[in-house]
Amino acid sequence: MAQRRLSQLLHELSRRPAQIGTLKLGDVSFPIHEALTPSRLPHNEEAQLDAHDSVTANNLYFILQKFVLGQDVFLLSQPGPYARRLAMTFCSITNMEYEYIALHRDVGETELKQGRELRHGGNLVYVDSAAVRAVKNGRILIIEGIEKAERGIMPLLNNLLENREMNLDDGTHIMHPQRFALLDKSSDDVRSGKRFVPAHQNFRVFAIAAPVPPYPGYPIDPPFRSRFQARFIDPIGSMLSLQKHSETKPDPTETQLYSKLREIMLSTQYASEAEHTVDGAAKSALQAFPQTALEKLRALLESFPPPDKISPALLARLMLTIHPGLISAPFVAWAMLSKQTEDAGLGPLDSPSLNGEDDGLGYLGYRIDRIERATETTARLTFRCPIDGKSVVVDVPAGPKAFLEFPWRNPQSLGFFPTDRFMGLLTCILQAHALGWDISYVPPASPSTASCSTSLLVKTFADLLGYELETVHMYKELGGREIIMRRKVEADGATSWEPSPLIEGAWKGRLVHLSGIDVVGSTAGSIARLVQDREIELWEGKRIVADATPEEIAEGELSVVHPSFRVIATASKSIPLKDWLGDEHANMFFPIPSQPMSTEEESAILLQTGCPPNLVKTLVTFAEKYRASMTSDVVQKNRKLGTRALIRLAKRLAKYPHDDDLYRLLSQAILAEFLPATEAMNLSVLFDDCGIRKYTPPFNPSPKVVGNALIFPSPTDTSRQNLEEVSIPLFNPSKDPEGVASRIPHMEHFYDNSLQTGLMRDLAIDLELLGEHLVLLGNQGVGKNKIVDRLCQLLRRPQEYIQLHRDTTVNQLMFQTSLEGGVIKYTDSPLLRAIKLGRVIVVDEADKAAEHVVAIFRSLAGQGELTLADGRRVRRQRERENDVVVHPDFRLILLANRPGYPFLGNHFLQVLGDTFSCHSVSNPDMQSERRLLSQLAPELSQDLLLRLVAAFQDLRQAYESGRLTYPYSLRELINLVKHMKAYPNDSLETTLRNVFDFDICKPDTFKVLEDILDFHGLAVKHLGRDAARQDARKKIVDVKYEPKGDTSLSQPKFGQEDEKNEPHQGGNRWAGGTGGRDTAGMGGRGGYMRLYKGHDIKQITDHLKNDVPDHIQEKAREMARQELARRLEELNMNMGEAKGYGKLLEAVQSHITRLHDLLENLAAREEERVWVKRQTDGELDDTRLTEGLTGESTVYKRRGMAKPELGRPQIKPKRIRFLFDISASMYRFQYDGRLQRSMETAVMLMETFERLTRKDKYVWDMYGHSGDSPEIPLVEVNNPPKEVRDRWKVVEKMEMVTQYTFAGDYTLEAIDKAVSEVAKFDADDWFVITITDANFGRYNIAAEDLKRVMVKQPKVNTALICIGEGAEATWIPKYLPGKGFRVANTADIPTVLRSILSTMVDR
């Protein structure tokens, strides 16, 4: 067979195609020959460019010049279809055959050289890639997406490009035609064609790439680049050339809207090209419009003539569609564009959030009015514009199923509420469909919002037009080839390919929903040609084209897309918009900006559940405030509290209206127990603002089985009455006899306690009565598995179990793969068994697997859908023969450790969305824990058990407050009691060492342990040292003091020292007095330094304080500067200073440990090894077994460094600046501990960063701000304090500056300078964290001023910790959500800053 193919190839090469004409471009003439293989010619006249267009003609002229010279061409173009269509147009006008390769991150040698296949009978054949076919047959090879190819891939083609030579896996060698002509023709290798094959003289390569930078991607390999002739495609020219005029529709260029927007687009492009002259780090300039923006605008205006005037809301929607990057752009860019539209006479733009007027209207003010079937494959849509009464009727592709009737005959029977917002969005989707574009429904920029009705809109769109809906759930492992096709092994071991659901949908005219398009990143670009031009390359030379004759289709090489085929892409919302919504995505689809529900719409939906109106109002109010407080930093880890979560709560409240403890239910829904300290502080404020009170937990009696029901008796609660018992029906054994016989957990001992009984009741309600899937999170050892097992035992529920780990793959969750007799066999996994048989599946350690693996549970729990690797689908209802139907009793229960330190698992909550009901599993309260231990060991002393329980309660509290780094759990306590019960003669010391010996090398931990054990009468000799004393702090009363007698000023001086240190008030003699003048002291005036000696402060009135002559103020400032300089020069470390630093260090030792562990782990996680696929050695990759059967070598995987995402070719450090307030008020009001705590915090930071093993991962510095300067260096970037003495100098300087600086505040200026400075650094991430005790009212600092400087550079993450007077500003959290924090208790300063830093960097 191979010989016949080679003979045919040589025969074709020997034929000389006849000339059929001549192409003339400028001064270049080119003979046109007939094609030997017409099926390889372009088959898409619609996508070809106008060769008479001046821009396109010039580009074609350049390409023709290079072709005549025998040179390869490199087209550099902004993302978009123009460059590819230019290459196709050249092939068309020259009648040249072509081959096409779309590059992505998974392209390897097989795709560029030869693949292997096993044919029937066990024969191995080699299949030429597109590149090899092109060089053998003299075709043009178009390679698109060069910037996406990983380094090391493109050099495979270097020799082919340079010398037209390539060694192939089948043993043949392609060589230059001139060298081939010199070979001995009598040689068998030459005559037979088995060894040497000449490269065709007409073979050329057209490479296409976006320039890097400014676009993301990998830089071009220099040897590869040197082999091409470059052509930069002018963005403006390409944008204008893509427009197509319809002869049957009115020309929109005559409208004011088109001409004005066209001018804005072009001027924006020119401005973006000149951006290098401005500070590029700001990233706030208005970015250029995508390449297809003008094409979409023209098509929209042609089909839907606009009214004479459109509202700001409609104009905003239009802008966000043609330039979707504005959705996530800084607001300053939106403001710039609004000013341009206003200057152009179009009016201003409404808010980019699209909440407001004209919600019920689609693009340009139209609204869908009627839908009716026109033919078997089309529908007739009627749109009406209520603004001017115009109507538009258009026929659009449709599916074969019956239409959902519209207008709605009975809206109440729909199962949803077609609100104005919903109808407006639905109209937009139908308009985009009418224009012939595939659709992308883009989520909002706000990290947490109400529902955007994504799934409902997709389903309704499909139902209205009779489409068969095919949902493809994307996941990160999905490669570019797998999106299009998948491997298949026949019964006899032969290998072949079969279409993916996407291609199957294209052939059969389905609506394909690409769910989670954001998670595959740049790989989505591999289908750009299918989406834009309805063409794509398949396997073994097969190709989908836009148009083909019946004869060509019958030959089997070409196929066409069904005219009804459409794609609608939606995002998982687990990845920020800016990381995936780029120009490539904007050009592929017709982006429709989503719109969240309004408060009124969300309330209406919740009321339909039967939940009492007052509770609905409280729920919605809280949700609105909670969502507004979330930032993009924390939303990736915290619960978003979407509409689905609220519906779940409302259904429960409707079913159990007496159990209306909203504090408990909401805290459970957002996992409040695991929020960082800063978020928890804000949450308590939200609860107070919404009037949600916290109740004392009730006592929950033990459950009991009565008949066919599990009964949870009514809780005992003195504060609330009428709490009802809960009855849960038991599982019917007849539904799963095998499961009941072998899969029900069995627990001989489970010790009932109030807290866990209450949790089991909540789980049972969600699981059995509300039909929810569950996530249980908690520390280690709190009983997550046992609680679930006990519940399944009581309910008699069969259970499956799987445990995830770092290497778990999506395929492993679905199948167990084996190879038998050369044939790959798939055995259903426990997950599939649970789906089919209706069992509970417990997924343990869910936080240990990669996020994209856990992501498949989202679609399974939310929509009951899953696409299996063998082509089958999981669906709630059988739609096709091979579908796996989800049993109605199937439930998912995911178990995981709490997020954050010290478990440091993956942030899997972000990919689950609101599809799961979340429950936090805590250690039992003191009473429950004591009861549990009493049941476990009734023979032990109740007094001893009480002391142990109380001690462990305090140990956990010490962990929460940051004093300990390990969360001691119920598991450790149970093990202690078991030991005491089994070995009663062992001493308490011996028993406690079982738990505490882990911390033997942590003196700081042992001291805390010793204090707690001593406090509870559990003192032992060998678990620590004597308790350390704590210095008593004297509270000073700050009062206004009016001195008697002389108050005149002379000149600043230090004053006389009083050896007895008696209090002195007024006067100008003594140093360290209060309310005096001239001398060093507190609360007075005219002195040059503050001096605090521990006495009550008498503060003089403001009018006296301000009544200081200028010459005395200047003299005082000069003396202060001189004294500060002298003291700083003298600063050195003696024993007293060492003791002082030790005291600061001891206060934050546990904070240092926790922060150090977190930062160290993050640095390690960036270098964490993953499974690197397509290796030639290592462990066999079960996803490439078919390739292994054919003999490919790259079928192994091994642990290695994760490859950086596209656009991030290297991992850079994080740039951090800490700003400390060292103003006069810090010293003056130091009695509340603010200065001491700030110094302790500085020590925490310096010690933490000094102890890191990878110091290069964090570039940090520390500055102060005072009334004299906004920028006082404390720690410089390139000179961190390495010795203890150096770190002592930093904190000593902090205290000293507060003594000598003059009153005033430079908080705003300090943040402004810091943000600008940090943004200049070439880093992965940027942070500025500021502490201030500024009295915002006194210094006229408004919320707008703070917000302006904090968001000045969008890429810089900022946080403001307000202490002292600053903490009194109640508006801080409201106007600076997620960025501003009030810390009323100065003792919390280290905890809050550590929490903020941890949250910021661990994203």
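Residues numbered from 1 in each chain as written. Predicted model: local features only at pLDDT ≥ 70, side-chain atom pairs only at ≥ 80, totals over all residues. Heavy atoms only, no water.

Looking only at helices and strands, one finds 51 helices and 51 strands in the chain. When contacts within the chain are restricted to residue pairs at least 6 apart in sequence, those whose partners lie at least 24 apart make up 73%. Just so you have it, the chain exposes about 58300 Å², and 49% of that area is on carbon and sulfur atoms. (Helix = DSSP H or I, 4+ residues; strand = E, 2+ residues; numbered from the N terminus. Contact = heavy atoms within 4.5 Å. Areas by Shrake-Rupley, 256 points an atom, 1.4 Å probe, with all protein chains shown as cover.)

Attention shifts here to the packing of helix H22 (residues 599-607) against helix H24 (residues 643-655). Relative to each other, H22 and H24 sit at 35°, their axes nearing to 9 Å. In this structure, H22 meets H24 at a crossing whose hand is right-handed. Between H22 and H24, the residues in contact are Glu602, Ile605 and Leu606 and Thr643, Leu646, Ile647 and Ala650, respectively. (Axes fitted to C-alpha atoms, helices over the stretch in contact; angles between N-to-C directions. Left-handed = near helix turned anticlockwise from the far one by under 90°.)

Here the bond from Pro213 into Pro214 is cis, since omega is 15°, no more than 30 degrees from zero. Relative to the helices and strands, Pro214 is located in the loop between strand S11 (204-209) and helix H9 (222-225). Notably, Ser453 is not glycine yet its phi reads approximately 60°, a positive angle. Summarising the element assignment, Ser453 is placed in the loop between strand S16 (439-442) and helix H16 (454-464). A positive phi angle is found at Glu540, which is not glycine, with a value near 50°.

One pass over the structure, following the stated rule, counts 69 salt bridges. A salt bridge links Glu504 to Lys508; the nearest nitrogen and oxygen atoms lie 3.1 Å apart. One end of the pair is Glu504 and the other is Lys508, both in helix H18 (residues 501-508) and four residues apart, which spans about a single turn. Classification of Lys508 by relative accessible area gives partly exposed; the value is 48%. A salt bridge links Glu800 to Arg833; its shortest N-O distance comes to 3.0 Å. (Salt bridge = Lys/Arg side-chain N within 4 Å of Asp/Glu carboxyl O. Buried < 20%, exposed > 50% of the residue type's maximum accessible area, 1.4 Å probe, protein only.)

Turning our eyes to something else, we now look at the sheet that holds strand S8 (residues 166-167). Strand pairing in a sheet relies on backbone hydrogen bonds. The paired strands run either parallel or antiparallel. With respect to topology, three strands assemble into an open sheet ordered S8-S9-S10, the strand pairing being mixed. Every interior strand has two partners, whereas the edge strands, S8 and strand S10 (196-198), have only one. In this fold helix H5 (residues 130-137) packs onto S8, strand S9 (173-175) and S10, with an angle of close to 50° to the strand it touches most, S9. (Pairing = 2+ DSSP bridges.)

Another point: the pairing of strand S2 (residues 28-33). Along a regular strand, successive side chains alternate from one face of the sheet to the other. Because side chains alternate across S2, one face comprises the buried residues Val28, Phe30 and Ile32, and the other comprises Ser29, Pro31 and His33, none of which is buried. Strand direction decides the pairing type here: strand S1 (residues 19-25) and S2, joined by six bridges, are antiparallel. Its bridge partner lying in S2, Leu23 is registered against Phe30. Turn length for the S1-S2 hairpin, with the two strands adjacent in sequence and antiparallel, is two residues, and the turn residue Gly26 shows positive phi of about 65°.

This paragraph deals with the confidence of the model for the chain. Per-residue pLDDT for the chain has a mean of 83; in total, 87% of the residues score no lower than 70. Residue range residues 275-284 is modelled with pLDDT below 50. Its contacts to residues more than four positions away, or to other chains, number 13 contacts. (pLDDT = per-residue confidence, 0-100.)

Taken in spatial order, the six strands of this open sheet run S48-S47-S46-S49-S50-S51, and their pairing is mixed. Of all the strands in the sheet, just strand S48 (1272-1275) and strand S51 (1380-1383) have a single pairing partner and so form its edges. Direction aside, neighbouring strands of the sheet carry axes that sit 20° apart on average. In this sheet, strand S47 (residues 1258-1265) lies alongside strand S46 (residues 1214-1221) in parallel orientation, the contact comprising eight bridges. For Arg1217, the partnering residue across the bridge sits in S47 and is Asp1261.

One finds Phe857, Leu892, Leu894 and Phe908 to be the most contacted residues of the largest nonpolar core, which totals 148 residues. Residue contributions to this core peak at nine residues, all from helix H15 (residues 420-434). The contacts of Phe857, once residues within four sequence positions are left out, are Leu804, Leu813, Leu831, Val843, Leu892, Leu894, Leu912 and Phe916. Met1082, Ile1222, Ala1242 and Trp1288 belong to the second-largest nonpolar core, a separate cluster that totals 49 residues. (Core = buried A, V, L, I, M, F, W, Y, C linked by side-chain atoms within 4.5 Å.)

Contact geometry for H24 and helix H25 (residues 662-669): axes closest at 11 Å, N-to-C directions at 150°. With respect to H25, the element H24 is oriented roughly antiparallel. In this structure, the crossing between H24 and H25 has a hand that is right-handed. Residues Leu649, Arg652 and Leu653 of H24 pack against Leu662, Arg664, Leu665, Leu666 and Ala669 of H25. Among the residues making up the contact of H24 with H25, the classes are represented as six nonpolar, no polar and two charged. (Parallel < 35°, antiparallel > 145°, perpendicular 65-115°, else oblique. Nonpolar A, V, L, I, M, F, W, Y, C, P; charged D, E, K, R; others polar.)

Every α-helix winds through 3.6 residues per turn, so residues three or four apart in the chain are directed the same way. The first and last C-alpha atoms of helix H14 (residues 331-343) sit 18 Å apart over 13 residues, in line with the 18 Å expected at 1.5 Å per residue. Restricting attention to buried positions, one finds in H14 the residues Ala333, Trp334, Leu337, Ser338 and Thr341. Projection of H14 onto a plane perpendicular to its axis shows the buried side chains occupying an angular sector of 140°, all on one side. Seen from the buried face of H14, the exposed residues on the opposite side, beyond 90 degrees, are Lys339 and Asp343. (Expected span 1.5 Å × (residues − 1). Arc of directions from axis to C-beta.)

Moving on to the packing of aromatic side chains. Scanning the entire structure with this criterion turns up 26 aromatic pairs. Between Phe416 and Phe422, the aromatic rings sit 5.2 Å apart at their centres with planes inclined by 45°, giving tilted as the arrangement. The pair Phe416 / Phe422 is uniform in exposure class, with both members buried. Ring geometry for Phe1218 and Trp1260: centres 6.5 Å apart, planes at 65°, overall edge-to-face. Here Phe1218, found in strand S46, pairs with Trp1260, found in strand S47; they are 42 residues apart in sequence, far enough to count as distant. Accessibility assignment for this pair places Phe1218 and Trp1260 in one class, buried. In this arrangement the basic side chain of Arg204 is found over the ring face of Phe67, its NZ or CZ atom lying 4.3 Å from the centre. (Phe/Tyr/Trp six-rings, centres within 6.5 Å; stacked < 30°, edge-to-face > 60°. Lys NZ or Arg CZ within 6 Å of the ring centre and 35° of its normal.)

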